[in-house]
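An overview of the molecular structure
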Amino acid sequence: MPKFLCDVRVLLVVAAIAFIYLQLRLFATQSEYAERIAAAVEAENHCTSQMRSLIDQISMQQGRIVALEEQKKLQDLECGQLRTLVQELERKGLQRLIDKVQEPVAAVVIMACNRADYLERTIKSVLKYQSSVALKYPLFVSQDGADPSVRSKALSYDQLAYMQHLDNEPVKTERPGELIAYYKIARHYKWALDELFYKNNFSRVIILEDDMEIAPDFFDYFEATAALLDNDKSIMAVSSWNDNGQKQFVHDPYTLYRSDFFPGLGWMLSKSIWDELSPKWPKAYWDDWLRLKENHKGRQFIRPEVCRTYNFGEHGSSFGQFFKQYLEPIKLNDVRVDWKSIDLSFLREDKYPRHFADMVKNAKPVYGADVVLKAYNIDGDVRIQYRDQADFERIARQFGIFEEWKDGIPRTAYKGVVVFRYQTPRRIFLVASDSLRWLGID
């Protein structure tokens with residue numbers, strides 16, 4: 001019995017020890033799991049904190065994106081409003097020039113580049129006579145390039161609209177030694193005339209350059225000839241210039257002629273003619289290009305005896321070529337001719353050949369050497385025949401008129417006839433060998 005009790009006690013002690021051991025192990029395991037759970041909870045809390053931070057950052061970025069989008073929409077709206085305002089101001093500016101006039105006679109454009117002093121002189125001359133007829137002749141200055149003094153000068157005048165041609169495309173000349181300026185000028189003319197005819201929808205345009213003064217009846221002259229330009233398809237343009245308009249070669253401010261030679265230097269053309277010229281406009285030397293027979297196609301130009309423009313541009317792209325001899329002595333008309341009261345129907349194609357032929361026919365023929373002296377000693381008009389270009393140049397040199405030809409046509413000629421006054425009201429007719437036949441003179 002005592003032995004049995006001893007064994008039981010041993011077993012109980014062992015069981016107690018085992019129980020205590022198990023409890024200790026269980027406690028240790030629980031503690032370990034508790035620490036792991038705490039670490040996991042802490043990690044979860046850290047992740048949650050980082051996620052919330054990322055969410056906050058994303059929310060802030062989305063807020064900024066929304067704000068930027070709203071700002072962009074606002075800026076686009078403001079830009080649209082500004083564009084509309086600029087267009088409206090441009091429209092109002094142009095409308096102010098042509099208000100109450102359904103159809104202006106012609107837009108007037110002064111072609112400029114980098115001569116602010118010349119431009120100012122031209123603008124003042126034009127405004128002197130344009131102000132009273134501004135509704136009929138909206139005035140523009142078209143600048144080629146970005147010369148700041150020219151731009152500032154043009155914008156200083158409220159009476160005109162300003163256009164600017166910016167062309168950075170490199171110029172490639174077709175022949176060595178050619179001046180780039182002539183290529184840039186041709187590009188500028190093409191751009192400006194396209195703007196006026198197609199964007200602004202004018203039916204006629206008068207082209208001036210930034211080195212010109214105009215006569216008192218400049219605008220009346222063009223208004224009187226506008227109907228001829230529109231209705232007579234044999235007329236390509238109307239010019240205010242006479243190449244032989246020097247003081248000693250002109251007399252009558254009322255006299256107008258037709259010419260096969262394009263004079264330029266203050267000229268008016270119609271939209272229908274520009275529709276033909278614009279697609280094939282040359283890269284350079286546009287004025288000589290217009291003098292080619294393939295381009296004027298037998299059509300002619302109206303010109304005055306006494307110039308309605310004066311070219312004072314001694315310094316320019318042509319370096320003053322011919323200035324002292326031919327341009328400086330030009331007579332600018334100073335008589336205010338009432339063109340509205342004058343019947344110009346004699347200039348129509350169906351009447352002018354006979355009108356001109358009668359003048360040539362009634363002139364007294366002069367032959368042989370010393371034609372200048374013989375012509376001077378004859379009262380009345382004189383007719384002198386030349387054989388060819390060399391003969392014409394010889395005779396022209398004696399009188400002092402332009403000797404130049406372009407594509408077989410002398411300057412100012414009509415049917416090969418060059419007419420000018422010679423120190424008196426008498427007219428000198430230099431007549432080609434075929435001119436009398438072309439004019440129907442026996």
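Going by the structure above, here's the rest.
The structure reproduced in this document is the subject of the present report. (Residues numbered from 1 in each chain as written. Predicted model: local features only at pLDDT ≥ 70, side-chain atom pairs only at ≥ 80, totals over all residues. Heavy atoms only, no water.)

1. Structural notes on the side chain of Glu178
For clarity, the threshold we go by: In this description a helix means any DSSP run of H or I spanning at least four residues, a strand means any run of E spanning at least two, and both kinds are numbered starting from the N terminus. Think of it in three bands: with a 1.4 Å probe and only protein chains considered, a residue is buried below 20% of the maximum accessible area for its type, exposed above 50%, and partly exposed in between. For the purposes of these results, a polar contact is taken to be a pair of N or O atoms within 3.5 Å, where, inside protein, one atom must be able to donate a hydrogen and its partner to accept one; residues adjacent in sequence count only when each atom of the pair is a side-chain atom. Any two residues whose heavy atoms approach within 4.5 Å are treated as being in contact.
Tracing the backbone through its elements, the reader meets Glu178 in the loop between strand 3 (161–165) and helix 4 (180–199). Judged by relative accessible area, Glu178 falls into the buried class, the value being 14%. For Glu178, the side chain forms a polar contact with the side chain of Arg175, separated by 2.8 Å. Excluding residues within four positions of it along the chain, Glu178 makes contact with Thr173, Tyr183 and Tyr285.

2. Thoughts on the sheet that holds strand 3
To keep things clear, this is the line we draw: Paired strands, as defined in this entry, are two strands with at least two bridges between them according to DSSP. Note on method: axes are straight lines fitted to C-alpha atoms, helices fitted across the in-contact stretch only, with angles between N-to-C directions ranging 0 to 180 degrees.
An order of 3-2-1-4-8-6-9-7 is seen for the 8 strands of this open sheet, with the pairing classed as mixed. The two strands at the open ends of the sheet, each matched to only one other strand, are strand 3 and strand 7 (256–259). Adjacent strand axes in the sheet meet at a mean angle of 25° when their direction is disregarded.

3. Describing the pairing of strand 7
It is a general feature of regular strands that their side chains alternate between the two faces of the sheet. Across the two faces of strand 7 the burial is the same, with Leu256 and Arg258 and Tyr257 and Ser259 all buried. Bridge count between strand 7 and strand 9 (residues 300–304): 4 bridges; the pairing is antiparallel. By the bridge assignment for strand 9, Tyr257 is matched with Arg303.

4. Remarks on the environment of Gln159
As for its placement among the helices and strands, Gln159 is situated in the loop between helix 3 (148–155) and strand 3. Gln159 gets classed as partly exposed once you look at its relative accessible area, which sits at 39%. Spatially, the C-alpha atoms of Gln159 and Phe218 are 18 Å apart, while their sequence positions differ by 59 residues.

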